[in-house]
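Take a look at the letters that make up each chain.
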Amino acid sequence: MNFKIYRSVLFSIAFSMLMLTQLVVKAQRGKTHWATDGYQYYRAQGGEIVELDTRDASKKTVLVSKEMLTPAGKQPLAVANFTLSNDGQKVLIFTNTKRVWRYNTRGDYWVYDIAGKTLKQLGVGRPESSLMFAKLSPDGAKAAYVSEHNLFTEDLATGIIKQLTFDGTDKLINGTFDWAYEEEFDCRDGFRWSPDSRTLAYWQIDASKIKKYEMLNTTDSIYPFVVPVEYPVAGEDPSSCKIGVVDISSAKTTWLNIPGDAVQHYIPRMEWTTNSNEVILEQLNRAQNESKIFVANVSNGTAALLHEEHDKAWIDGKSRWNGGDPTGWEWIEKGKSFIWVSEKDGWRHIYKIDRDGKETLITKGDYDVISLTLLDETGGYIYYSASPDNATQKYLYRIKIKGGKAERLTPADEPGTHNYEISPNGKIGLHNFSNIYTPPLSEVVSLPEHKHLSGAEIKLNTEAKNKPEFFKVKTVDGITMDGWMVKPTHFDSTKKYPVVFYVYSEPAGATVTDSYGSGRNGEYVGNMADDGYIYISLDNRGTPAPKGAEWRKAIYKNIGIVNIEDQAMGAKEILKWPFIDSSRVAVWGWSGGGSCTLNLMFQHPEIYKTGIAVAAVGWQLTYDNIYQERYMGVPIDSAGRAVFIKGSPVTYAKNLRGNLLYIHGTGDDNVHYKNAEMLINELVKYNKQFQLMSYPNRTHGIFEGAGTTLHLRTLYTQYLKEHCPPGAK
């Protein structure tokens, strides 16, 4: 259901495994590595690490050559990611990576010393590909890393390795996170160097009381075996979480005394302040509607409350993070203040918070800040993305840190979705653009004038054929939703066509965006428009569109109710259009979209005649507590459980009247196969006939194994054509 980037937004909005690959590569590569002057940046390119100049596209300087990346007697290292020391003399290289849940965050690390011209591996003697999140110390003398849930440091000059924690196990996790924290808070890297390079602050997650979800692997050996995953479902206590600071010389940990129950609170974000004796962190209560910021004194472990915020629904912690990355803290005024994001006035806005807790609103008005892009204190500006007039689009703005009028930097003649990585000096932007009919384009621009420097010139693909059309639909309940529609290639308004609705509908993702890929169905073999389908998607209340907090939080304690009503009432208005064949109406979705598909088929069988649901949560009480409790409350009693049951597809399965294809991977560690079996049992109980496809040992993406993707696509296409025939009538 959260299924976030990896799930609905990825599999359904991006519509193809290609997008999965791109996002995973980006996640592994990380942010752009800028040189200190802000005009050059570094990339792994052609088996080398090179320095590129934004002002001269032809200029390329090899920083670390393929020969330099070749250990004695071995093949050159394949660079998955890299970082440079503060003085630019050492390059930390991540290679030989292995997947941990979603991304390849475990592997081997090497350090290339530019001055000494040496290449050395870190963690020699540790198991292969066991190192995680290695980081060079600020002074460049050491590296720290996690291996098998313990923290280590290594002296780069001598190669001496020092173990700092000794209690790490599969259940007691130092310096990284359990499944739920990673999945729902995007927390992976769980330790931070102090500014003086003498200590490490780190998370310790105690999952010893978390029950194991035991998945059965029946394909990888003659005898099946159990794959246990610590997975706290809604209603079960989370893992305990605490913050420690370990001294590098003594290996002694000081535990910070953060007020509140360590089990009934989350700490999704923690950093050093601007000095080496203070740690700042955000604590969320279990219901995630109360946020507190504490500053802790490392010497004695005491913590003082700096700021707190409450919400009647939930607090969207991720919206605070610069670029969606929960590392770093946006300090200004030499550590006397920091930048924060809040929805407390009904819109997502940027605030300044002083060390005494005083707030100052920076952005003002009835619009949402979509995300922070850069804090340029030297230049006096905050760069951020927003789209005050069209919730399907995204543009770059900047505003003075002291406040004032926001300035749009993205040109007015480039409608669509714009993403930027901006150099630290605020002068250069790596600009990526697409809209619903223009494929992705990348260029380098100078800021603030947004002048093209290199790369692809941004030109709209105005000649695109059969472009998706945006529209708005107003329901009988007075809810106005954005939608897009792709009409048949040879559309004839005097005839009637089948309609296929693509849905997601939950807070983890929006489907109606003015970006390339919207309007395309990667699960369909062939071309839906050529075959004579109308393809439509709507964004209901509860989706994360920049339409204000009231829009986003209308779904609180109503997943499976409000979103389903909006989708169904929107469909009813669409069915009034003269060219829609109301006898041929299909709906499909993956993950949260699969749940929505089931609910629409069961709660509104008078509308939807055919449904294809993939990897759906059939029973909300089976999904993880961080996600489900955030949006549905904590089910600690029968009343709390009732809202989960009311929104669950299994509750309404007895109402199935149309054609249903249900697809799930038995190795899904996100939405467990138990959901499929609960749904099957309920449909069997009421003699409801349907078609089932179980993919053995596939995960939530259902892409592992030879032929899997094509098989799923073929199955999807054949079922749709059989039960919702294409073409005009």
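Keep in mind that this is a model prediction, so the values were computed, not measured. (Residues numbered from 1 in each chain as written. Predicted model: local features only at pLDDT ≥ 70, side-chain atom pairs only at ≥ 80, totals over all residues. Heavy atoms only, no water.)

Draft legend 1. A look at the overall build of the chain. Looking only at helices and strands, the chain has twelve helices and 44 strands in total. At 26 Å, the chain has a C-alpha radius of gyration in line with the 27 Å of a compact globule built from 729 residues. Classification of the 729 residues of the chain by burial places 58% in the buried group. Across the chain, every contact between residues at least 6 apart in sequence was considered, and the portion connecting residues at least 24 apart equals 58%. In the chain, the 83 positive side-chain charges and the 85 negative ones have mean positions that sit 2 Å from each other. (Helix = DSSP H or I, 4+ residues; strand = E, 2+ residues; numbered from the N terminus. Rg over C-alpha atoms; globule rule 2.2 N^0.38 Å. Buried < 20%, exposed > 50% of the residue type's maximum accessible area, 1.4 Å probe, protein only. Contact = heavy atoms within 4.5 Å. Lys, Arg positive; Asp, Glu negative; His and termini not counted. Charge placed at Lys NZ, Arg CZ, Asp CG, Glu CD.)

Draft legend 2. A look at the domain arrangement of the chain. According to the domain assignment, the chain contains domain 1 (1-163), domain 2 (167-329) and domain 3 (469-658 + 670-688). Using only C-alpha atoms to locate each centre, domain 1 and domain 3 end up separated by 40 Å. (Domains from an automatic or database assignment.)

Draft legend 3. Representation of the nonpolar core within the structure. Ranked by size, the top nonpolar core spans 121 residues in total, and within it Tyr181, Phe501, Phe602, Tyr608, Ile663 and Leu720 carry the most contacts. With six residues, strand 41 (residues 580-590) is the largest single contributor of residues to this core. Split by domain, the residues of this core number at least three in each of domain 2 (167-329) and domain 3 (469-658 + 670-688). Sequence-distant contacts of Ile663, defined by excluding residues within four places in its chain, comprise Ile612, Ala613, Val614, Ala615, Met693, Tyr695, Ile702, Leu712 and Leu715. Core analysis: the second largest hydrophobic core is formed by 15 residues, Ile332, Ile350, Tyr395 and Tyr397 among them. (Core = buried A, V, L, I, M, F, W, Y, C linked by side-chain atoms within 4.5 Å.)

Draft legend 4. Quick peek at the side chain of Glu282. Residue position: Glu282 is located in strand 21 (residues 278-285). Residue Glu282 is classed as buried on the basis of its relative accessible area, which comes to 0%. Polar side-chain contacts of Glu282 include one of 2.8 Å to the side chain of Ser291. Setting aside residues no more than four positions away along its own chain, Glu282 makes contact with Tyr266, Ile267, Pro268, Arg269, Ser291, Lys292, Arg320, Trp329 and Trp340. (Polar contact = N/O pair within 3.5 Å; in protein donor to acceptor, adjacent residues only side chain to side chain.)

Draft legend 5. Structural detail: the UniProt feature "domain: Peptidase S9 prolyl oligopeptidase catalytic" (unreviewed entry) in the chain. Taking the UniProt record as the reference, the feature "domain: Peptidase S9 prolyl oligopeptidase catalytic" (unreviewed entry) is found at residues 528-716. Taken end to end, residues 528-716 is 40% helix and 18% strand, and its first and last C-alpha atoms sit 12 Å apart. (UniProt positions renumbered as here; feature names shortened; annotations may be inferred.)

Draft legend 6. Just the side chain of His604, in detail. On the secondary structure map, His604 appears in the loop between helix 7 (592-603) and strand 42 (610-614). The contacts of His604, once residues within four sequence positions are left out, are Ile564, Glu565, Ala568, Met569 and Asn599.

Draft legend 7. Layout of the pattern of salt bridges. Counted by the stated rule, this structure contains 35 salt bridges. When the shortest N-O distance is used, the salt bridge between Glu629 and Arg286 registers 2.9 Å. Note that Glu629 is positioned in helix 8 (residues 625-632) and Arg286 in the loop between strand 21 and strand 22 (290-297), a separation of 343 residues in sequence. By relative accessible area, Glu629 is classed as buried at 0%. When its relative accessible area of 7% is taken as the criterion, Arg286 is described as buried. The partner of Asp482 in a salt bridge is Lys472, with the nearest N and O atoms 2.6 Å apart. (Salt bridge = Lys/Arg side-chain N within 4 Å of Asp/Glu carboxyl O.)

Draft legend 8. Examining the sheet that holds strand 29 (residues 381-386) more closely. Spatially, 28-29-30-31 is the arrangement adopted by the four strands of the open sheet, whose pairing is antiparallel. Looking at the sheet topology across the chains shown, the edges are occupied by strand 28 (369-376) and strand 31 (407-408). In terms of strand pairing, strand 29 meets strand 30 (residues 395-400) through six bridges, oriented antiparallel. For Ser385, the partnering residue across the bridge sits in strand 30 and is Leu396. (Pairing = 2+ DSSP bridges.)

Draft legend 9. Representation of the packing of helix 6 (residues 562-574) against helix 7. Interhelical geometry of helix 6 versus helix 7 gives an angle of 65° and a closest axis separation of 10 Å. The angle between the axes of helix 6 and helix 7 places the two elements in the roughly perpendicular class. Where helix 6 crosses over helix 7, the two elements pack in a sense that is right-handed. Note on element contacts: helix 7 touches helix 6 through Cys596, Asn599, Leu600 and Gln603, opposite Ile564, Gln567 and Ala568. Among the residues forming the contact of helix 6 with helix 7, the class breakdown is four nonpolar, three polar and no charged. (Axes fitted to C-alpha atoms, helices over the stretch in contact; angles between N-to-C directions. Parallel < 35°, antiparallel > 145°, perpendicular 65-115°, else oblique. Left-handed = near helix turned anticlockwise from the far one by under 90°. Nonpolar A, V, L, I, M, F, W, Y, C, P; charged D, E, K, R; others polar.)

Draft legend 10. Examining the sheet that holds strand 1 (residues 33-34) more closely. Taking strand neighbours across the sheet as the criterion, the four strands line up as 1-2-3-4 in an open arrangement whose pairing is antiparallel. Looking along the sheet, the strands with just one partner apiece sit at the ends: strand 1 and strand 4 (56-64).

Draft legend 11. Looking closely at the packing of aromatic side chains. Evaluated as defined, the whole model comprises 31 aromatic pairs. Joined through ring pairs, the aromatic side chains of Trp179, Tyr213, Tyr231, Trp314, Tyr556, Tyr623, Tyr627 and Tyr631 make up one cluster. It is Lys547 that lies over the ring of Trp551; its NZ or CZ is 4.1 Å from the centre. (Phe/Tyr/Trp six-rings, centres within 6.5 Å; stacked < 30°, edge-to-face > 60°. Lys NZ or Arg CZ within 6 Å of the ring centre and 35° of its normal.)

Draft legend 12. Spatial organisation of unusual backbone geometry. Look at the link from Leu447 to Pro448: it is a cis peptide, with omega at 10°. Mapped onto the fold, Pro448 is located in the loop between strand 34 (438-446) and strand 35 (451-455). Its identity as a non-glycine residue notwithstanding, Gln288 has a phi of 60°, on the positive side. Mapped onto the secondary structure, Gln288 falls in the loop between strand 21 and strand 22.

Draft legend 13. Inspection of helix 8 at higher detail. Counting buried positions along helix 8 gives eight out of eight residues, so the element sits mostly inside the fold. Residues Asn625, Ile626, Tyr627, Gln628, Glu629, Arg630, Tyr631 and Met632 constitute the buried set of helix 8. Against helix 3 (179-185), strand 20 (265-272) and helix 9 (638-646) lie the buried residues of helix 8. In this structure Asp624 caps helix 8, since a side-chain oxygen of it lies 3.0 Å from the backbone nitrogen of Ile626. Positive phi appears at Gly633, one or two residues downstream of helix 8, with a value of about 85°.

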